[in-house]
Structure formats: structure tokens, C-alpha cells
Amino acid sequence: MYDLKKMASTLTSDTTLINIANKVADETRITNDDCLYLFDYADLGFVGTLANYIREKKHGKKTFFNRNFHIEPTNICLYTCTFCSYSRLIKQRTDGWEYTEDEIMEMVKKYDDKPVTEVHIVGGVLPQYDVPFYESLFKRIREHRSDLHIKALTPVEYHYIFKKAKISYQEGMERMLAAGLDSMPGGGAEIFDEEVRKEIAGGKCSADQWLDIHRIWHKLGKRSNATMLYGHVETYAHRVDHMDRLRTLQDETRGFQTFIPLKFRNKDNQMSHIAEVSAVEDLKNYSISRIYLDNFDHIKAYWPMIGRSTAQISLQYGVDDMDGTIDDTTKIYSMAGSEEQSPALSTRDLAKIIEAVGKEPVERDTVYNVVKDYTNYEWGEEPLKGYISLPTAN
Ligand code: V47
Ligand code: SF4
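One numbering rule holds for all chains: residues counted from 1, following each sequence as written. Working convention: letters from A go to chains and numbers from 1 go to ligands, in the order in which they are written. In keeping with the predicted nature of the model, local features appear solely for residues at pLDDT of at least 70, side-chain atom pairs appear and are counted solely at 80 or more, and the whole-chain, interface and lining totals rest on all residues. To obtain the side-chain values, all non-hydrogen atoms of the structure were used and water was disregarded.

Draft legend 1. Region of the structure containing the overall build of the protein chain. Secondary structure follows DSSP: runs of H or I at least 4 residues long count as helices, runs of E at least 2 residues long count as strands, and numbering of each begins at the N terminus. Within the protein chain, the secondary structure is distributed over 16 helices and 11 strands. All radius of gyration figures rest on C-alpha atoms, and the globule criterion is 2.2 Å times the number of residues raised to 0.38. Computed over the C-alpha atoms, the radius of gyration of the protein chain is 21 Å, within 12% of the 21 Å expected from 2.2 N^0.38 for a compact globule of 394 residues. Projecting the C-alpha coordinates of the protein chain onto the three principal axes gives extents of approximately 60 × 55 × 40 Å. In the protein chain, buried positions account for 59% of the 394 residues. Using a 1.4 Å probe on the protein chains alone, a residue whose accessible area is under 20% of its type maximum counts as buried, one over 50% counts as exposed, and one in between counts as partly exposed.

Next comes the structure, spelled out in C-alpha cells:
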């Protein structure tokens, strides 16, 4: 590794920033005040240098991705989060979809001959999608394809369905585990600050409830992810507070695998009047989260939301994971205005995107076991048979 302390002093004469760089070099945790100072005063070059140093120390040039597909059981939702472009309210039910268990199983079966390792299930909240529904669905998926990792639902859904079933979070998560749930995705976290949460995600589970459900799940020996929706009405202090609550829980349980910053996209929602933040802000945010969350192994750039180009650049700014091939199976971001309208990348294309910035592509499973290391892989001329379809060329 290079000498970060020396490098930092060539980048800035600000003693607070130099002290933060020294902490990173010495593997000393930065404080909330340090974090806020980085947001307020550091430039992209500075935070990027620190973040890439940490990223290379943890993972070298390895960049992870997986092969997955999404199922969104419904886009109709009882809640009315102001940032959500995806949900159709009950009133506009004709615009929406509500898949039955059999229809969802048909979607799963479409992947029977594909080498996917994960199904990611998340959607709106409606009464018919309750504890018995999900227990039965998870059991059927497990029976149908035992090697497919089920990453499903967030505390938003769990809080709702457990309350409806009048069972505790503990009993509920134990039942989900018994039915075949393998891990939890990171959604529904938004911003933990109570005031902001009330403004943008009123009515759904609180920050404490979100954290409690993850805590219980981790204590059952299982893993999950965490997200942060940024770039809307929150301040930098709110972002620091959000990451502080995650870092604190992670100290207790070590159950989080990946932190996924989600950039607010402003198409067709109640916050469309708010301009989206710049790519520089996105890269700063990735970098600072890499620096602050010293107890998280991975930082993910979710390319269907941020776009493949920014995701590619983010690999120099602390990010070591690009999520998956997706196969055009999620609508959440195309409906919110992402440049990725039909998100699908073949394994080969994901690998090429990663290699183009000098990194090494590694296919992982959901819990970061290496499925295949594609470093220096000979792809040949033709797309590989059986791989998920190639996207449009750039
Ligand atoms: O919680 C909704 C976000 C999340 C918008 O764990 C929006 O591997 C931006 O959590 N602009 C759901 N974001 C998606 C999610 C996720 C995605 C990929 C991987 C994983 C993982 C988790 O999407 C919601 C919300 O924060 N979202 N609307 C919007 N307009
Ligand atoms: Fe419903 Fe989730 Fe959209 Fe909120 S973000 S309205 S909980 S689908």
C-alpha cells in the first residue's frame, strides 16, 4: 500500500483533514464530527483517495457482482412515501399488478436453466401479502430450487405483516427463517432521522423498528444489507446520524454485509420538484460512507439506479460491489427516472465494465462466497451460451 499520510499532506493543508487521513492510515475509527467535516469541507479528490485506500486494503482490486433476478409481487402499496415513483395507491389499482403465488412461481421457474444464484423479492405492502402468503411462497421456492438464495422483504413489510398476524418480531423472523428465507435486502431504511422520516416516509416502520428487525435477524445468525436514500430533503448531519445508527448496530451484531447508498431519483413522484444531486455528490457520498463505515465489509453501487457509468467510476471511490445482472426484472428505478430503463447486463458486460477501470471482476453469491473469479478470463468472441441477454452496446 502507498503512504496515505504523505499523500494526504500533498492534497491539502487543512489540519483537520490531515488528521482524518492519519486516522484512516492508522485504522482508527473516524468520529461523527470528522464525517460531517468531510461532507462539508473535503473535495472529491481527497475523500476518493482515502476511500480507495480503504477499499484496496480490504479487497485489493477485486470487484464483486452476482447473478440475480428480482420479483416485485405488487406495486400497489398502502403507504405513501413521497419519494416513491413505483407505488400505485389502492385508488389507482388499475395501473398496478398483484401477482398470485402461482404467478410468482412461474417467474421463478423461468430461471430454471439459468445460472442465477439469488432471487430478490420486494414490493409494495398490501393485506393479502401476509405471513401465511410469504411462508408458503418461500417454502415453494425452496422446494422447487434448493440452491436459490432467497433475499426477501424489508422491515417495512415484516413490521406490517407481523403486526397484522399479532406476533412478535422474534416469532415472525423465526417463522420466515423456518420457511426458507436466507437473507434480508437493505431497503426501507430511507433516512432514520425521525423528522425527515415523518416527512418522506410517514406511516411505515420507524427507524428503531427497522433496526430491531435487523438486530433480531442477525441474532438468528443471518445476514442482511443496509441502504440510505440520500439527495432529497436531508442534511449532511442526517446522513451522518443514519450511518452512525448502522455502525452502532453493526458493532453489536456484525450481521450487515453491505451498505448501499441509494440516490434519490425524481421522476413521477411527490418530490419531483427537488433536483437530483450531481455525480460528484454521488461519488463523495460513496467515498465518505466507505471511510466512516469501518465495520462494513462492502459498499455497493446499485447500477440500475445510479447508471452503469457512475457505478463504474464509483469503483475508484470506495465501492467494491456492483450488485447483479438483474435481467430487466426490477421496475423500481426505471419508474423513478434512472437512465437504466431496461436494466440488464450479461456477466461478460459487467466484467468488462469492471475491467475497464483496472479492477478485477469476481462473481459472488449473496453471502460473498466466490462463485468464479473472472480476473484475466478469456471470454472468446461470442457471448457465452446460457448467460443472461446482452444489453445494448454503448
Ligand atoms: O427502500 C424508492 C428506494 C429502495 C426511490 O439489499 C428510491 O442488495 C431512489 O433497497 N429514488 C428499495 N430510490 C431497493 C433496495 C435495494 C436495491 C438493490 C439492492 C438491495 C440489496 C436493496 O428503493 C427503497 C427506497 O429507498 N427508492 N423510490 C426513488 N425515487
Ligand atoms: Fe410503499 Fe415502499 Fe413505495 Fe413506500 S417506498 S410507498 S413502502 S412501495
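Back to the text.
Draft legend 2. The arrangement of unusual backbone geometry in detail. One non-glycine residue, Glu-27, lies in the positive phi region at around 55 degrees. Relative to the helices and strands, Glu-27 resides in the loop between helix H2 (15–25) and helix H3 (32–41). The exposure class of Glu-27 is exposed, given its relative accessible area of 61%. One non-glycine residue, Asp-268, lies in positive phi territory at about 55 degrees. Structurally, Asp-268 is set in the loop between strand E7 (256–263) and helix H12 (279–292).

Draft legend 3. Inspection of the site of ligand 2 at higher detail. The nearness test applies per residue and asks whether one of its heavy atoms lies within 4 Å of the molecule or strand. In the vicinity of ligand 2, the residues found are Cys-77, Tyr-79, Cys-81, Phe-83, Cys-84, Ser-87, Val-156 and Lys-204. Classifying every residue of the shell around ligand 2 gives 6 nonpolar, 1 polar and 1 charged. Following the grouping adopted for this structure description, the nonpolar residues are Ala, Val, Leu, Ile, Met, Phe, Trp, Tyr, Cys and Pro, the charged ones are Asp, Glu, Lys and Arg, and the polar ones are all others, Gly among them.

Draft legend 4. Representation of the nonpolar core in the model. In terms of nonpolar packing, the biggest core is built from 113 residues, with Leu-38, Ile-121, Phe-138 and Tyr-158 touching the most fellow members. If we ignore the near neighbours within four places in the chain, the residues touching Ile-121 are Ile-71, Pro-73, Leu-137, Phe-138, Ile-141, Ile-150, Lys-151, Ala-152 and Leu-153. To define a nonpolar core, start from buried Ala, Val, Leu, Ile, Met, Phe, Trp, Tyr and Cys residues and group those joined through side-chain atoms within 4.5 Å. Contacts between residues were defined by any pair of non-hydrogen atoms, one from each residue, lying within 4.5 Å.

Draft legend 5. Molecular detail of the sheet that holds strand E9 (residues 321–324). DSSP bridges decide pairing: two strands pair if at least two such bridges lie between them. Reading across from one edge, E9-E1-E10-E11 is the order of the 4 strands in this open sheet, with mixed pairing throughout. Edge strands, defined here as strands with exactly one partner in the open sheet, are E9 and strand E11 (370–373). Pairs of neighbouring strands in the sheet enclose a mean axial angle of 25 degrees, with direction left out of account. Two strands pair when backbone bridges link them, and strand E1 (residues 62–66) and E9 are joined in this way by 2 bridges, in the parallel orientation. Bridge pairing in E9 places Phe-64 opposite Asp-321. Here the axes come from fitting lines to C-alpha atoms, over the contacting stretch only for helices, and the angles between their N-to-C directions go from 0 to 180 degrees.

Draft legend 6. Quick peek at the pattern of salt bridges. When a carboxyl oxygen of Asp or Glu lies within 4 Å of a side-chain nitrogen of Lys or Arg, that pair is called a salt bridge. For the structure shown, the criterion picks out 33 salt bridges. A salt bridge links Asp-26 to Lys-5; its shortest N-O distance comes to 2.9 Å. In this pair, Asp-26 is assigned in the loop between H2 and H3 and Lys-5 in helix H1 (residues 4–11), connecting sequence segments 21 residues apart. Under the relative-accessibility criterion, Asp-26 is labelled partly exposed at 46%. Lys-5 gets classed as partly exposed once you look at its relative accessible area, which sits at 34%. In this structure, Arg-245 and Glu-194 form a salt bridge, with 3.1 Å as the shortest nitrogen-oxygen distance. Of this pair, Arg-245 sits in helix H11 (residues 236–253) while Glu-194 sits in helix H9 (residues 194–201); the two residues are 51 residues apart in sequence, bridging distant segments of the chain. In this structure Glu-194 comes out as partly exposed when scored by relative accessible area, which is 44%.

Draft legend 7. Broad picture of the packing of aromatic side chains. Under the pairing criterion, centres of Phe, Tyr and Trp rings, with the six-membered ring standing for Trp, must be within 6.5 Å; the plane angle then separates stacked pairs below 30 degrees from edge-to-face pairs above 60, leaving the rest tilted. The full count for this structure, using the stated rule, is 17 aromatic pairs. Through successive ring pairs, a cluster of aromatic residues spans Phe-192, Trp-210, Phe-256, Phe-259 and Phe-296. In this arrangement the basic side chain of Arg-247 is found over the ring face of Tyr-292, its NZ or CZ atom lying 3.8 Å from the centre. We count a charge as sitting over a ring when the NZ of a lysine or the CZ of an arginine lies within 6 Å of the ring centre and within 35 degrees of the ring normal. We note Arg-364 situated over the ring of Tyr-368; from NZ or CZ to the ring centre the distance is 4.3 Å.

Draft legend 8. Structural context of the site of ligand 1. The immediate surroundings of ligand 1 are formed by 23 residues, with Lys-151, Gly-186, Gly-188, Glu-190 and Lys-300 found nearest. For this analysis, a polar contact is any N or O atom pair within 3.5 Å, provided that within protein one partner can donate a hydrogen and the other can accept it, and provided that sequence-adjacent residues contribute only side-chain to side-chain pairs. In this structure, a nitrogen atom belonging to ligand 1 sits 2.9 Å away from a main-chain N or O atom of Arg-265. Going through the elements one at a time, strand E6 (223–230), E7 and helix H15 (332–336) are the ones with two or more residues in the shell around ligand 1.

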